[in-house]
Amino acid sequence: MNGKTSTPMTSPAIPLPVSTTSPPSTSASQIRVAAKQKEWNKAISTSIRSRLSKLCREGQPHLARHLLETLPRPSTVVWNSVIIGFICNNMPLEALLLYAQMRSKPDIRFDPYTFSSTLKACALTNDVITGKAIHSHFLRSHSSSNPGPSRIVYNSLLNMYSSCQHHYVLKVFGVMRKRNVVAWNTLISWYVKTNRYHEALNAFATMISLSVTPTPVTFVNLFPGLSKFGDSRIAHLFYGFLLKFGDEYVNDVFVVSSAILMFADLGCMDYARKVFDQCLNKNTEIWNTMIAAYIQNDLPVEAIDVFVQALESEEAEGLCDDVTLLSVITAVSQVQQIKLAEQLHAFVLKSLPASLIIILNAIMVMYSRCNLVDTSFKVFDKMLERDAVSWNTIISAFVQNGFNEEALMLVCEMQKQKFLIDSVTATAIFSAASNLRNLYIGRQTHAYLIRHGIQFEGMESYLIDMYAKSGSIRTSELLFEHNCSSNRDQATWNAMIAGYTQNGLNEKAILLLNEMLMQKVLPNAVTLASILPACSSMGSMGFARQIHGFSIRHFLEKNVYVGTALTDTYSKCGAISYAENVFVRTPEKNSVSYTTMMMCYGQHGMGKRALTLYDSMLRSGIKPDGVTFVAILSACNYSGLVDEGLQIFESMEKVHKIKPSMEHFCCVADMLGRVGRVVEAYEFVKGLGEDGNSMEIWGSILGSCKNHGHFELGKVVAKKLLNMGREKRMAGYHVLLSNIYAEEGEWENVDRVRKQMKEKGLQKETGCSWVEIAGFVNCFVSRDEKHPQSDEIYYMLNKLTLDMKDAGYKPLYSLN
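Residues numbered from 1 in each chain as written. Predicted model: local features only at pLDDT ≥ 70, side-chain atom pairs only at ≥ 80, totals over all residues. Heavy atoms only, no water.

## Re the packing of aromatic side chains
- All chains considered together, the criterion is met by 35 aromatic pairs.
- Each ring, one from Phe115 and one from Phe138, has its centre 5.4 Å from the other, and the planes form 70 degrees; the classification is edge-to-face. Placement of the pair is Phe115 in helix H5 (residues 112-125) and Phe138 in helix H6 (residues 128-141), with a sequence separation of 23 residues.
- Its relative accessible area of 8% is what places Phe138 among the buried residues.
- Look at Tyr161 and Tyr168: their rings are 5.4 Å apart centre to centre, the planes differ by 65 degrees, and that puts the pair in the edge-to-face class.
- Accessibility expressed as a relative area gives 0% for Tyr161, which makes it buried.
- The class for Tyr168 is partly exposed, based on a relative accessible area of 24%.
- Three or more aromatic residues joined by ring pairs form one cluster here, namely Phe204, Phe219, Phe223, Phe238, Phe241, Phe245 and Tyr249.
- The ring of Tyr168 is capped by Lys132, whose NZ or CZ atom sits 4.8 Å from the centre of that ring.
- Note that Arg386 overlies the ring of Phe380, its terminal NZ or CZ placed 4.2 Å from the centroid. (Phe/Tyr/Trp six-rings, centres within 6.5 Å; stacked < 30°, edge-to-face > 60°. Helix = DSSP H or I, 4+ residues; strand = E, 2+ residues; numbered from the N terminus. Buried < 20%, exposed > 50% of the residue type's maximum accessible area, 1.4 Å probe, protein only. Lys NZ or Arg CZ within 6 Å of the ring centre and 35° of its normal.)

Take a look at the structure:
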């Protein structure tokens, strides 16, 4: 043998001994060499695995994969290291691709960690099909030489099927021989995810009965399900059970967050706050959870207080993240405090010099809700980078603040910047088109959605509303009848009912409400608020009371919109006491409900009550808007409270920073003219300059001139009106001028004005009166003989006329 062994040298790094012994000694040498070779291979494998794991930890899993592909025969452990590396770097799809490549190698064995890691990748991607394939592969690779099923694989199977919300969770759980707390936790989590809350409780009870000790994760999985029962006693019971396990459970950050959310969902904010206060190790997530819980329960002030407390805490540095700021911005948006909004904006700029787009978008929303749309636009204009949400946010802000035309211009600019119109943009455009009554814009947007195949939830209701408000009620009907026949939700029914009401088709609105009930679709607060204006237009007090009764039976009468609509309807039907009762019993009042009640008082000549209500509104902290001032000024007008009205008018801009509009000027002019201060009213309007060039204002002055005998001034005002209204074909002002000439006996001028009216085709709109008797509304117009009892009615009218003459009444024919 020439002093050398004939055994092949597999590794030149291992020195082989010279054989000087007999063959049995040679065999022993081979065994030692094989052992050393195995030890060497293991060392190499460990070194390679360590290198690959390090690359993955450094965020370079692709480089680890390239290195893996250069190895001649990598072991299973090495393959697993790279698969796990992809998963840890949030690349589950790459992990599954590597698993597929591993399967293509004929000599590779798969161990429990291979299956566990790839099942984790399926769970992350919700890929139940691949998960089932891996499950089958695991069952096939399981041989009799390894009879004990791997618990780690079965737990991973449970997690995968639970993440995919697949019912195979029960099958896998059922075949497991030994179930540890991880398996029970996964089962409970799956029950909660699939809304099977009773089963989750039963699984927890079974687990306890089998002496399986729960972990903090058990309670984290269970608490979201407990809140769905709507019973705070159950939540308190299980949280008390948690307390028995000690501080390790009570102070677990995930348990604390889950418990806070559970109590918040149940509305038990005092208990949620106790859980928060008792936690010794608050991290960012817990602070965020507490802030979000207050916002969820409409307690924005408390949410802001928690944020301030976080800033003042010892570990304040680094405590606030993007989620914190977004939550606090939402809270400030709800309280609508301008100074607070500006302070928060400054804090954001200091905390995040390069503010994220999502934060800036939220700040735009905040300023918009504080009625500072110009500031919102400044934030938008200074953004270095914008996304589609930024454009949609500013467009929606303009629409919500009444700048509809500007919003449409922004849409054009958005398209120039190569941003596509999506469902949010379309919703804003529809709202703008509805507000502007612009059918052309609405149709264009509808066609765009059809061409691009864009559909979104509630699209039909937006279309119906837009077409109805734009005067194309027939198109709304076609959309409702044909496009939505199989899937009409509440919003669609409500849009069509509101469309009928807005277009004066009150009978159709009521019939549609009846059809809605027959289709087993329960009306909500929006339905009632939409149908009630039809009652007031028809003068149907009985139907209004039926709607009121329905709202009480279905606990909707306390809704502010229903309450406001009922108040307005009862007032217009003449039942002011009913209107007052509804208003008083509405628990949450806003500026609209106060304004409506003021308008009701004004229409019934109760100006002093309107003033008292206005003072009460200011004391309650509710800010008046432009419509509120129209209501209170009108109430002062109808009741002759001129000095009070003038004081309120002067406070508009000085105190409340609201610039008066044409409606307010008209109220003041009419208020002065009604009490005979006609010259003062005339001077007031003249002093407005261009702001006073309105036919409504000068028409009010003309009426005052007629009523109080200022005929010469009336002629001047009338001529101005006729010049302003040549193109608008206003018949009423011609009639007023004709009556002024008749009062002074200038019959030639009377004939001239009447002749002009005939030549222009002008005709004064006929007034209508109504009265409800035994649930039937009777309507009357001048010289109407359509009523079935017209003979008896005219007989009674003639009798009353004779009785009035006998009593000394003299009619004023000049007003005809």
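## Regarding H6
- With 14 residues, H6 should reach 20 Å at 1.5 Å per residue; the first-to-last C-alpha distance of 20 Å fits that figure.
- Turning to H6, its buried residues are Gly131, Ile134, His135, His137 and Phe138. For H6, the buried positions fall inside an angular range of 160 degrees around the axis, keeping them on one side. With respect to the buried face of H6, the exposed residues turned more than 90 degrees away are Ile129 and Arg140.
- In this structure, the buried side of H6 is in contact with helix H4 (92-103), H5, helix H7 (151-163) and helix H8 (168-175). (Expected span 1.5 Å × (residues − 1). Arc of directions from axis to C-beta. Contact = heavy atoms within 4.5 Å.)

## Digging into the environment of Leu408
- Inspection of the secondary structure puts Leu408 in helix H23 (residues 404-416).
- Look at Leu408 and you get buried, because its relative accessible area is 15%.
- Sequence separation of Leu408 and Ile429 is 21 residues, and the distance between their C-alpha atoms is 6.9 Å.

## Topic: the pattern of salt bridges
- One pass over the structure, following the stated rule, counts 13 salt bridges.
- The shortest N-O distance in the salt bridge between Glu199 and Arg196 comes to 3.9 Å.
- For the salt bridge of Glu477 with Arg474, the shortest nitrogen-to-oxygen distance reads 3.1 Å. You can see Glu477 and its partner Arg474 sitting in helix H27 (residues 473-483), three residues apart, about one turn around the helix.
- Exposure remark for Glu477: the relative accessible area of 8% places this residue in the buried category.
- Shared partners join several salt bridges into a network, and the residues in it are Arg474, Glu477 and Lys508. (Salt bridge = Lys/Arg side-chain N within 4 Å of Asp/Glu carboxyl O.)

## A few points about helix H12 (residues 232-243)
- For H12, spanning twelve residues, the distance from its first C-alpha to its last is 17 Å, which sits close to the expected 16 Å at 1.5 Å a residue.
- Those residues of H12 that fall on the buried side of the exposure criterion are Ala235, Phe238, Tyr239 and Leu242. What you see down the axis of H12 is that its buried residues fit within an arc of 100 degrees, all on one side. Exposed and oriented more than 90 degrees from the buried face of H12 are Arg233 and Leu237.
- Contacts from the buried residues of H12 go to helix H10 (197-209), helix H11 (216-226), helix H13 (247-250), helix H14 (253-265) and helix H15 (269-278).
- A side-chain oxygen of the first residue of H12 lies 3.0 Å from the backbone nitrogen of Arg233; this N-cap is Asp231. (Polar contact = N/O pair within 3.5 Å; in protein donor to acceptor, adjacent residues only side chain to side chain.)

## Some details on the environment of Tyr367
- Residue placement: Tyr367 occurs in helix H20 (residues 357-369).
- Spatially, the C-alpha atoms of Tyr367 and Ile338 are 7.7 Å apart, while their sequence positions differ by 29 residues.
- Side-chain polar atoms of Tyr367 contact the side chain of His345, separated by 2.9 Å.

## A short note on the nonpolar core
- Within the largest apolar cluster, 223 residues are counted, with the highest numbers of intra-cluster contacts made by Leu157, Phe223, Ile260, Met290, Ile363 and Ile701.
- In contact with Phe223, other than residues within four places in its own chain, are Phe238, Tyr239, Leu242, Val255, Ser258, Ala259 and Met262. (Core = buried A, V, L, I, M, F, W, Y, C linked by side-chain atoms within 4.5 Å.)

## Thoughts on the layout of surface pockets
- Quantified by volume, the largest pocket comes out at close to 1,900 Å³.
- What lines the largest pocket is a set of 34 residues, and nearest its centre among them are Gln336, Asn371, Ser591, Lys623 and Asp625.
- Here the lining of the largest pocket gets three residues from one element, more than from any other, and that element is helix H30 (residues 525-538).
- Tallied by class, the residues present in the lining of the largest pocket amount to 16 nonpolar, twelve polar and six charged. (1 Å grid on protein atoms, 1.4 Å probe; cavity = no way out; pocket = protein on both sides within 12 Å on 5 of 7 lines; lining within 4 Å. Points joined across faces, edges and corners; volume = space filled by probe spheres on them. Nonpolar A, V, L, I, M, F, W, Y, C, P; charged D, E, K, R; others polar.)

## So, the packing of helix H29 (residues 506-518) against H30
- Relative orientation of the contacting elements H29 and H30 amounts to 140 degrees, with a least axis distance of 9 Å. Taken as axis vectors, H29 and H30 run oblique relative to one another. In this structure, H29 crosses over H30, and the sense of that crossing is left-handed. Mapping the contact onto sequence places Asn506, Glu507, Ala509, Ile510, Leu513 and Met516 in H29 and Thr527, Ile531, Ala534, Ser537 and Met538 in H30. (Axes fitted to C-alpha atoms, helices over the stretch in contact; angles between N-to-C directions. Parallel < 35°, antiparallel > 145°, perpendicular 65-115°, else oblique. Left-handed = near helix turned anticlockwise from the far one by under 90°.)

## Brief notes about the confidence of the model for the protein
- Scored by pLDDT, the protein comes out at a mean of 82, with 83% of its residues at no less than 70.
- Across the protein, helix H22 (residues 388-400) holds the top mean pLDDT of 94, while helix H43 (residues 747-760) sits lowest at 47.
- Here residues 1-22 scores under 50 on pLDDT; set against residues more than four positions off or in separate chains, the count is 15 contacts.
- Segment residues 726-733: pLDDT under 50, and 16 contacts once partners within four positions in sequence are set aside and those in other chains are kept. (pLDDT = per-residue confidence, 0-100.)

## Considering unusual backbone geometry
- In this model, Asn90 sits at a positive phi of 60 degrees, which is unusual for a non-glycine residue.
- Relative to the helices and strands, Asn90 resides in the loop between helix H3 (76-88) and H4.
- The phi dihedral of Ser211 falls on the positive side, at around 65 degrees, and the residue is not glycine.
- Inspection of the secondary structure assignment puts Ser211 in the loop between H10 and H11.

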